[in-house]
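Each chain, letter by letter, is given below.
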Amino acid sequence: MNTIEHTAHWSRIARLSLALALAAAPVCTFAQTTRYTIVDLGPVGPSTSQGQPFTISAHGLVSGEAVVANPGNPTESVSHGVLWDRTRKIDIGVPGLGGPNSVAYGVNRWWQAVGQADTKTPDPDGEDFCGSAALGLTHSGNTCEPFVWEYDTMFPLPRLLNKAGKEGSNGVALQNNDFGWIAGTAENGEADSTCPGTAVSPQSIQFKPVVWIRPYPWSQYRVWELPTIGGDPDGIASAINGRGQAVGASGDCGPFNSIEQNNLTPLHAVLWQDDRATDLGNLGGDGKSFGIYASGLNDHGEVVGTSDTTDDASFHAFLWRDGHIADLGTVTGDAFSAALAVSERGLVLGISLSANFAPRAALWQDGAATDMNTLVPTNSPLYLESACSTNEKGEIIGFAYLKSNPNESHAYLAKPVDEK
């Protein structure tokens, strides 16, 4: 692969956030020969290959982001949170919370979307918490707050308080369940001694894994801090199921990671239940290379994620079940993999990557990996790079590029073919 192709592939990988997922049941009921038709949801960004879909709801509503030209400066780009109602795209980023950038990470069956959005308030610590500058977007220098969007209105969620009662400035809401519970991360206003310093990263404040809960539909959301593993100063809750269990990671502060799109060095994959944190283990690595984190779970408490392997030689997708972690491996011939989601029927979704990081959408079934591109019509105009989320109908959404123009990125919806 030449340098230009490698750069284009890596730019696309940088937008494959490993947040947001559904989960798996112990016995898979999908046939290995299940095939899919592809619906092109349209472009999600310019030649920089930014923007993507993240979650599909039970009714087929898709949350994500689209990168567009900055109205104030067409030479710059901004990210807008969007919802796809099949092929109709709804921009929820305007007016947003007043700033230029937003992302819709999660959505439930009630059309409640959650994510992150810039505000009009200058960040008092000069941070780039949501990574606008790191990702090459217009950087306002303002705070980036977690939000809920409902009834055509976006409003911010509370952050944590420090010992002096000061509220943290930034946060991200990553996934919500059908009861309105939300998983994410929020700053607490306390200085973080593990951050690498301004020469490497502007991040300087602790951020904790949290769940937001609204006791009644008419009440305000409250933020609940979740414990970390072994006193880790930072953490993120990336997914939540219908039982209120959450998964994610804890670790140290680090420079903004454009693949995971956060400032966490994830050292432990975590399951939270009843205010108790469980370390899910690893595949032999220490988390200091590519990281160890959980991406999704189901109502059975089964978890998928990604872990460094022995000696940090690579990273592989994993499935955690009944206290045991299993290496899911890669598509034949590949070197790396990541699990992004897993369905209630046992189908694991994610990406498999070659040694030079060229991605392809992957499905795991009974521990075996399949290139999803082999399960769609050969005349499809799209090459599927990730499988991000699925719903109870077996529909899958993800990220792809146009075969006729690999620099043009699209969102897709894959619908299972009834093979009676």
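Small disclaimer: the values here were computed from a predicted structure and weren't measured.

**Student:** Provide a residue-level description of unusual backbone geometry, including the pertinent values.
**Tutor:** Residue Pro95 follows Val94 across a cis peptide bond; omega there is 5°. The topology assignment puts Pro95 in the loop between strand S5 (88–91) and strand S6 (98–107). Of note in this structure, Asp311 is not a glycine but carries a positive phi near 60°. With respect to the helices and strands, the residue Asp311 is situated in the loop between strand S19 (303–308) and strand S20 (315–321). Unusually for a residue other than glycine, Asp312 sits at a positive phi of about 55°. Inspection of the secondary structure puts Asp312 in the loop between S19 and S20.

**Student:** Explain the confidence of the model for the chain residue by residue, including any values.
**Tutor:** Considering every residue of the chain, the mean pLDDT works out to 89; 90% of them sit at 70 or more. In this model residues 1–31 is a low-confidence stretch, pLDDT under 50, and it forms 118 contacts with partners more than four residues away in sequence or in other chains.

**Student:** If you had to explain the nonpolar core to someone new, which residues and values would you point to?
**Tutor:** Trp84, Leu353 and Ile397 are the most contacted members of the largest nonpolar core, which has 19 residues in total. With three residues, strand S22 (residues 336–342) is the single largest residue contributor to this core.

**Student:** Outline the pattern of salt bridges, supporting the account with residue identities and numerical values.
**Tutor:** Taken as a whole, this structure holds ten salt bridges when the rule is applied. For the salt bridge of Arg360 with Asp371, the shortest nitrogen-to-oxygen distance reads 3.1 Å. Of the two residues, Arg360 sits in strand S24 (residues 359–365) while Asp371 sits in strand S25 (residues 368–371), which places them eleven residues apart along the sequence. On the basis of relative accessibility, which here comes to 11%, the residue Asp371 falls in the buried class.

**Student:** Residue-level account of the sheet that holds strand S12 (residues 205–213), with values.
**Tutor:** The strand order across the open sheet formed by four strands is S10-S11-S12-S13, and the pairing between neighbours is antiparallel. The sheet is open, and its two borders are formed by strand S10 (171–176) and strand S13 (222–225), each paired with just one other strand. For this sheet the average axis-to-axis angle between neighbouring strands, irrespective of direction, equals 35°. Taken together, the four bridges between S12 and S13 define a ladder with antiparallel strand orientation.

**Student:** Could you give an account of the sheet that holds strand S1 (residues 36–43), with specific residues and numbers?
**Tutor:** Within the open sheet, the four strands sit side by side as S1-S28-S27-S26. Their pairing is antiparallel. The open sheet has two edge strands with one neighbour each: S1 and strand S26 (382–390). Averaged over all pairs of adjacent strands, the angle between their axes in this sheet comes to 30°, without regard to strand direction. Across seven bridges, S1 lies against strand S28 (residues 405–416) in antiparallel orientation. Across the sheet, Ile38 pairs through a bridge with Ala414, a residue of S28.

**Student:** Quick one: what's the story with the packing of aromatic side chains, residue by residue and with numbers?
**Tutor:** This structure, assessed with the given rule, holds eight aromatic pairs. Seen from their ring centres, Phe336 and Phe357 are 4.8 Å apart, and the 5° between their planes marks the pair as stacked. Here Phe357 lies in the loop between strand S23 (348–353) and S24 and Phe336 lies in strand S22, a separation of 21 residues in the sequence. On the basis of relative accessibility, which here comes to 9%, the residue Phe336 falls in the buried class. Following the ring pairs from residue to residue traces out a cluster consisting of Phe290, Phe315, Phe336 and Phe357.

**Student:** Can you lay out the environment of Gly180 for me, pointing to particular residues and giving the numbers?
**Tutor:** With respect to the helices and strands, Gly180 occurs in the loop between S10 and strand S11 (182–191). Its relative accessible area of 7% is what places Gly180 among the buried residues. In sequence terms Gly180 and Asp85 are 95 residues apart; their C-alpha atoms lie 20 Å from each other. With residues up to four places along the chain from it excluded, the contact list for Gly180 reads Asn108, Gln112, Trp212 and Tyr221.

**Student:** Lay out the environment of Gly284 in plain terms, naming residues and giving numbers.
**Tutor:** Position of Gly284 relative to the elements: it lies in the loop between strand S17 (276–279) and strand S18 (292–297). Using a relative accessible area of 41% as the deciding quantity, one classes Gly284 as partly exposed. Along the chain, Gly284 and Thr309 lie 25 residues apart, while their C-alpha atoms are 4.8 Å from each other. Every residue in contact with Gly284, bar those within four places of it in the chain, is listed here: Asp308, Thr309, Thr310 and Asp311.

Cut-off values and rules
- Residues numbered from 1 in each chain as written.
- Predicted model: local features only at pLDDT ≥ 70, side-chain atom pairs only at ≥ 80, totals over all residues.
- Heavy atoms only, no water.
- Helix = DSSP H or I, 4+ residues; strand = E, 2+ residues; numbered from the N terminus.
- pLDDT = per-residue confidence, 0-100.
- Contact = heavy atoms within 4.5 Å.
- Core = buried A, V, L, I, M, F, W, Y, C linked by side-chain atoms within 4.5 Å.
- Buried < 20%, exposed > 50% of the residue type's maximum accessible area, 1.4 Å probe, protein only.
- Salt bridge = Lys/Arg side-chain N within 4 Å of Asp/Glu carboxyl O.
- Pairing = 2+ DSSP bridges.
- Axes fitted to C-alpha atoms, helices over the stretch in contact; angles between N-to-C directions.
- Phe/Tyr/Trp six-rings, centres within 6.5 Å; stacked < 30°, edge-to-face > 60°.

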